[in-house]
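The primary structure of each chain is shown beneath.
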Amino acid sequence: MDIEEQYDKIFRFCYYRVHNTDIAQDLTQETFLRFMNSDYKERGEQMRYLYTIARNLCIDESRKARTTDLPEDYSDEGSGSDDLIRKIEVNQALDKMPEEDRELLILRYMNEVPLSDICKIMGVSRFALYRKLNSVKRDFIKLMEGGSFHE
């Protein structure tokens, strides 16, 4: 497992959950500290364990304080205003979605977590995950096209 690559993915996961760069960095560091101090890293399935730790820390953080600020752009790429506008649109669409749906999109499409690991993280069967994923994708596309979201 490449720790640097996983660190970036865990940071991105945390960032989209808390919408604050500093808090996401703290949560990411705490995730890796807990991971490194555990015996679990010897047993395999390290990615799943990392995401479980990060998810629980993000849930705890969101219980502390909820913010409605527009998310910051944490990327250093600065490739133009069109990219920034697109990122803001994506973030706003994700913000309108239920927490579990947003988490599913981030895990699968942004961090490219395998479906089998997502099933274990979320505690659902593969069939249920496929159905949920298709529904969430449709809802996200509607939001990106300017439509309304209906749960």
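Note on numbering: residues in each chain are counted from 1, in written sequence order. Side-chain atom pairs in this predicted model are given and counted only at pLDDT of 80 or more, local residue features only at pLDDT of at least 70, and totals for whole chains, interfaces and linings cover all residues. Hydrogens and waters are ignored; side-chain quantities use all the structure's heavy atoms.

(A) Molecular detail of the environment of Met122. Runs of E in the DSSP output that reach at least two residues are strands. Runs of H or I that reach at least four are helices, and both are numbered from the N terminus. Locating Met122 in the fold gives a position in helix H6 (residues 115-122). Judged by its relative accessible area of 16%, Met122 is buried. For the pair Met122 and Glu103, spaced 19 residues apart in sequence, the C-alpha separation works out to 9.7 Å. Note on contacts: a residue pair is in contact if any heavy atoms of the two residues lie within 4.5 Å. For Met122, the residues in contact, after removing those within four places along its chain, are Glu100, Glu103 and Leu104. Partly exposed residues are those whose accessible area sits between 20% and 50% of the maximum for their type, while under 20% is buried and over 50% is exposed, using a 1.4 Å probe and protein chains only.

(B) Broad picture of the packing of aromatic side chains. Stacked, edge-to-face and tilted are the three classes for Phe, Tyr and Trp ring pairs, Trp counted by its six-membered ring, which pair at centre distances within 6.5 Å; planes under 30 degrees apart are stacked, over 60 edge-to-face, the rest tilted. Scanning the entire structure with this criterion turns up 5 aromatic pairs. Three or more aromatic residues joined by ring pairs make a cluster, and in this case those are Phe11, Tyr15 and Tyr16.

(C) Expanded view of the pattern of salt bridges. Criterion for a salt bridge: a side-chain nitrogen of Lys or Arg within 4 Å of a carboxyl oxygen of Asp or Glu. Going through the model one piece at a time under the given rule, you end up with 6 salt bridges. The salt bridge partner of Glu103 is Arg17, with a shortest N-O separation of 2.2 Å. Of this pair, Glu103 sits in helix H5 (residues 99-110) while Arg17 sits in helix H1 (residues 3-18), placing them 86 residues apart in sequence. The pair Glu103 / Arg17 is uniform in exposure class, with both members buried. Residue Lys132 is joined to Asp101 by a salt bridge in which the shortest nitrogen-to-oxygen separation is 2.8 Å. Taken together, the residues Lys132 in helix H7 (residues 126-144) and Asp101 in helix H5 connect sequence positions 31 residues apart. Taking relative accessible area as the criterion, Asp101 reaches 5% and is therefore assigned buried. Among the charged side chains, a network of salt bridges with common partners joins Arg17, Arg55, Glu99, Arg102 and Glu103.

None of the figures reported here should be taken as evidence of function without further support.
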